[in-house]
Amino acid sequence: MNEHTPSENDWRRRNQEKYLKGRRWSRQTYKPYREGWDHDHCEFCMVKFSLHQSDLQRGYATEDNYYWVCENCFKEFQAVFGWITGQ
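Residues numbered from 1 in each chain as written. Predicted model: local features only at pLDDT ≥ 70, side-chain atom pairs only at ≥ 80, totals over all residues. Heavy atoms only, no water.

The subject of this paragraph is the nonpolar core. Among the nonpolar cores identified, the biggest contains 17 residues, and Leu20, Trp25, Cys42, Phe44, Val69, Cys73 and Trp83 are the most heavily contacted of them. Those elements giving two or more residues to this core turn out to be β4 (58–62), β5 (68–69) and α2 (71–81). Among the elements that take part in this core, α2 stands out by supplying four residues, more than any other. (Core = buried A, V, L, I, M, F, W, Y, C linked by side-chain atoms within 4.5 Å. Buried < 20%, exposed > 50% of the residue type's maximum accessible area, 1.4 Å probe, protein only. Helix = DSSP H or I, 4+ residues; strand = E, 2+ residues; numbered from the N terminus.)

What follows is the structure, encoded as structure tokens:
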């Protein structure tokens, strides 16, 4: 385990393996999942994604644009979760 690999006890882990293991992701500018949806949170550290200037506006999203992960958490959890990048 290198210094950036999170441990099994990492505070950001909340059984995300159940729905995020092996998923395909693309790095992109935030766009709401559907009309009326105004923000999302990183699935790990809970940082807020939105179109508002004070929030994160770039990160990694699943192919359906439903789940978002910030760049820092993506880098740390990518190998552990077996994520594939598409873009």
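Considering all chains together, one arrives at 17 aromatic pairs under this definition. Ring centres of Tyr30 and Trp68 lie 5.0 Å apart, and the angle between their planes is 55°; on these two criteria the pair is classed as tilted. With a gap of 38 residues between them, Tyr30 in the loop between β1 (24–29) and β2 (39–41) and Trp68 in strand β5 connect regions that are remote in the sequence. Here Tyr30 and Trp68 have matching classes, each one buried. Plain terms: the ring middles of Tyr33 and Tyr66 are 4.7 Å apart, the flat faces sit at 75° to each other, and that makes the pair edge-to-face. Taken together, the residues Tyr33 in the loop between β1 and β2 and Tyr66 in the loop between β4 and β5 connect sequence positions 33 residues apart. Under the relative-accessibility criterion, Tyr33 is labelled partly exposed at 34%. By relative accessible area, which is 31% here, Tyr66 ends up partly exposed. Connected via pairs of aromatic rings, a cluster forms that spans Trp25, Phe44, Tyr60, Phe74, Phe77, Phe81 and Trp83. (Phe/Tyr/Trp six-rings, centres within 6.5 Å; stacked < 30°, edge-to-face > 60°.)

Here we come to the sheet that holds β5. Pairing is mixed across the open sheet formed by four strands, whose spatial order is β5-β4-β1-β6. Each edge of the sheet is formed by a strand with only one pairing partner; in this case those strands are β5 and β6 (84–85). Where β4 and β5 come together, two bridges link them in antiparallel fashion. By the bridge assignment for β5, Tyr60 is matched with Val69. (Pairing = 2+ DSSP bridges.)

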